[in-house]
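Survey of secondary and tertiary structure
So you can see what is in the structure, the chains are spelled out below.
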Amino acid sequence: MEGESKEKLASVSSLVTVFENSRTPGAASRVCKLEIEHHCPGGRAPPPAEPWKEPNHGETLQRSEPRMVSRRYLSSLKNKLSSGAWRKSCQPGTHAGLGTQEPEEKRIVQELLETEKAYVARLHLLDQVFFQELLREARASKAFPEDVVRLIFSNISSIYQFHAQFFLPELQRRLDDWTATPRIGDVIQKLAPFLKMYSEYVKNFERAAELLASWTDKSAPFQEVITRIQSSEASGSLTLQHHMLEPVQRIPRYELLLKEYVQKLPAQAPDRADAQKALDMIFLAAQHSNAAITEMERLQDLWDVYQRLGLEDDIVDPSNTLLREGPVLKISFRRSDPMERYLFLFNNMLLYCIPKVIQVGAQFQVRTRIDVAGMKVRELTDAEFPHSFLVSGKQRTLELQARSQEEMISWIQACQAAIDQIEKRNETFKAAVQGPEGDTQEQEVVCAKCSDYRAELKYDGNRPNRVCFHCYTFLTGNVLPEDKEDKKRGILEKGSTTGSQQSIMCGFLQLVGDKWGKSGPRGWCVIPRDDPLVLYVYAAPQDMRAHTSVPLLGYQVTSGTQADPRVFQLQQSGQLYTFKAETELLRDRWVKAMERAASGWSPRGPSDGDLSD
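Residues numbered from 1 in each chain as written. Predicted model: local features only at pLDDT ≥ 70, side-chain atom pairs only at ≥ 80, totals over all residues. Heavy atoms only, no water.

Looking at the overall build of the protein chain
Assigned secondary structure in the protein chain consists of 17 helices and 16 strands. Burial statistics for the protein chain: of 613 residues in total, 49% are counted as buried. Sequence-distant contacts in the protein chain: of pairs separated by 6 or more residues, those separated by 24 or more amount to 62%. Summing over all exposed atoms, the protein chain offers an accessible surface of approximately 30,400 Å²; the carbon and sulfur share of this is 49%. (Helix = DSSP H or I, 4+ residues; strand = E, 2+ residues; numbered from the N terminus. Buried < 20%, exposed > 50% of the residue type's maximum accessible area, 1.4 Å probe, protein only. Contact = heavy atoms within 4.5 Å. Areas by Shrake-Rupley, 256 points an atom, 1.4 Å probe, with all protein chains shown as cover.)

See the structure below:
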């Protein structure tokens, strides 16, 4: 199991590396020994969800302590995530002296429950202590903006309320009643609609880290609040950055525990089907989070390069990918000695730069940009200039010298790989827009990341990739994917017709503002009985796939304005959704339904809480 988990946890380690790179240089490391104890049933459990305690008045608040996670802790964390060592000392039911042996699957559920308790305690510390104390200080002192605090903590309030009010109590009740109901697959499945909250948190994580470091340096009241809480017993001698990493690590831990749970279940166990379906959902969520982490790391690399180049407007493009960079020598027949230069190779261009003597701001000046499309590269045989190679393109031809034979070969291979990639991609899409006799078709062939369709692409080594519907039908000859009927439903694939027949509330609402994108002026909105904490928005009642889902837990519902009393809103951590009902009576019913969902209410019977017509 540990070997299988390494690949999926690699991007989490990548995020940790990004976080490590943003540390303040020279900062001293903090003590990190309590990290694993927070997750070990055998160790000292973290304090329950209660207000943090003030430090002793005799303690001195040291403002010179590090603002970012220590290098020692990050190194340890990456090793634990990649090897699964975070669990080895945390197995429940393995203590000496126990007279009875619990079933393996129950032990795993016990471990899930214990780690969930520790996780909720961390979330409480983040949301109810750090977040709320900083908000109070911002309102009282006006020393830093409230919006900065909200951006740092993103949607942590929604994540905390879901786990504290719903998921943890559900796990506890299920384990208490394990003899009568030995299953957790159905409980885990209810987590699925809320997993998108983690994607939002992960995408915001790097920005949050930068804001935290920036305002800690320039605002003494901001720093004081954080230092005071970090010195409290509830914080466990760990920094705010340590606690902020917890939600990032949680989804991969759910996946590892659930995978082991499925493996330990007997073949005929009643929970096997539900548990496997839950594992599929968690796996997809982990992939989504990992993709966000990988993208964030790529953008971090780009931003670093752009800063070193002085933020040249014409090259700042988030679609670029940095492939290689490094120093070279420029061969000039007008000068006897080669000149120092620096290359940045992207997926679509090669930047030929001159190092600046006085590095104030930018480190390099871009002298030439050569497009990879149409570029050629080859080795030169020149006894006077060994390890030299030629790069020629539409804009310029360069004779360059590497520092060694190996470095020269590496540069030639990297450039040629970029050239081959563009040529193959152009060939694939050129063929896709041509008819059987080479006539150009007018159909659109742009591939979409959110597509359900996959096809093998030649330019990517014939590996399956997500493509749009038109590309799929052209490349495979199929109208629908072969496994479309048997495919596991995604989070948004809940039929609106089925939901309407078994819903707490449903009906048309006008969608106000630009938050809804291209969804149209109104939508068919459903709060399903089997998913009572989520609002699904469809384009029409007969649709089988919602274009938007909103986890309602933790949202604040406000209704009515003087301008139009039929309007009501959902607001949470910078997210704002505005609706308009047809009548004030319908507005009141929708507000009541959403308020109950926001508080974590679930129906207990077939007709309990029915507000639909």
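After that view of the structure, there is still more to cover.
Examining the nonpolar core
With 99 residues, the main nonpolar core has Phe153, Leu535 and Met594 as its most contacted residues. Looking at this core element by element, the count peaks at 15 residues for helix H5 (residues 104-141). Not counting the four nearest positions on each side in its chain, Phe153 is found in contact with Leu126, Phe130, Phe131, Leu134, Tyr201 and Leu240. (Core = buried A, V, L, I, M, F, W, Y, C linked by side-chain atoms within 4.5 Å.)

Here we look at the confidence of the model for the protein chain
For any part of a model where pLDDT is low, the fine detail of the predicted coordinates should not be relied upon. Averaged over all residues, the pLDDT of the protein chain equals 75, while 67% of them reach at least 70. No element of the protein chain has a lower mean pLDDT than helix H2 (residues 34-37), at 35, and none a higher one than H5, at 94. Here residues 481-491 is modelled with pLDDT under 50, and outside its nearest four sequence neighbours on either side it reaches 13 contacts, counting other chains as well. (pLDDT = per-residue confidence, 0-100.)

So, the pattern of salt bridges
All told, the structure shown has 19 salt bridges when counted by the stated rule. Linking Arg183 and Asp274 is a salt bridge whose minimum nitrogen-to-oxygen distance equals 2.7 Å. You can see Arg183 sitting in the loop between helix H7 (156-176) and helix H8 (185-189) and its partner Asp274 sitting in helix H13 (residues 272-308), a full 91 residues away along the chain. Given a relative accessible area of 22%, Arg183 falls into the partly exposed group. For Asp588, the salt bridge identified is with Arg587, shortest N-O distance 2.5 Å. Residue Asp588 is classed as partly exposed on the basis of its relative accessible area, which comes to 38%. Accessibility expressed as a relative area gives 11% for Arg587, which makes it buried. Look at the salt bridges and you will find they share partners, linking Arg122, Glu246 and Arg253 into a network. (Salt bridge = Lys/Arg side-chain N within 4 Å of Asp/Glu carboxyl O.)

Notes on the pairing of strand S2 (residues 339-346)
Here S2 lies mainly inside the structure; 7 of its 8 residues are buried. Two strands pair when backbone bridges link them, and strand S1 (residues 322-330) and S2 are joined in this way by 8 bridges, in the antiparallel orientation. Paired with Arg324 across the strands is Leu345, a residue of S2. Here S2 runs beside strand S3 (residues 349-355); their pairing, made up of 4 bridges, is antiparallel. Counterpart to Leu343 in the pairing with S3 is Tyr352. Once S2 ends, the chain turns through 2 residues before running back antiparallel as S3. (Pairing = 2+ DSSP bridges.)

Quick look at the packing of aromatic side chains
What the rule picks out here adds up to 12 aromatic pairs. Ring geometry for Tyr201 and Phe205: centres 6.2 Å apart, planes at 45°, overall tilted. Placement of the pair is Tyr201 and Phe205 together in helix H9 (residues 196-218), with a separation of 4 residues, close to one helical turn. Consider the rings of Phe344 and Phe364, whose centres lie 5.7 Å apart with planes at 80°: the pair is edge-to-face. Taken together, the residues span a long stretch of sequence, with Phe344 in strand S2 and Phe364 in strand S4 (residues 364-371) at a distance of 20 residues. Taken together, Phe162, Phe166, Phe167 and Tyr254 form an aromatic cluster joined through their ring pairs. Just above the ring of Trp215 sits the side chain of Lys218; from NZ or CZ to the centre is 4.2 Å. (Phe/Tyr/Trp six-rings, centres within 6.5 Å; stacked < 30°, edge-to-face > 60°. Lys NZ or Arg CZ within 6 Å of the ring centre and 35° of its normal.)

Things to note about the packing of H5 against helix H6 (residues 146-153)
When two helices pack together, you describe them by how their axes are tilted relative to each other and by the distance separating the axes. For the pair H5 and H6, interaxial distance at closest approach is 9 Å and the crossing angle is 165°. The angle between the axes of H5 and H6 places the two elements in the roughly antiparallel class. By crossing handedness, the relation of H5 to H6 is classed as right-handed. Two secondary-structure elements touch here, H5 through Leu126, Phe130, Phe131, Leu134, Leu135, Ala138 and Arg139 and H6 through Glu146, Val149, Arg150 and Phe153. By residue class, the composition of the contact of H5 with H6 is 8 nonpolar, no polar and 3 charged. (Axes fitted to C-alpha atoms, helices over the stretch in contact; angles between N-to-C directions. Parallel < 35°, antiparallel > 145°, perpendicular 65-115°, else oblique. Left-handed = near helix turned anticlockwise from the far one by under 90°. Nonpolar A, V, L, I, M, F, W, Y, C, P; charged D, E, K, R; others polar.)

Observations regarding the environment of Glu423
With respect to the helices and strands, the residue Glu423 is situated in helix H14 (residues 405-432). Put simply, Glu423 and Val372 are 51 residues apart on the chain and 9.6 Å apart in space, counted from C-alpha to C-alpha.

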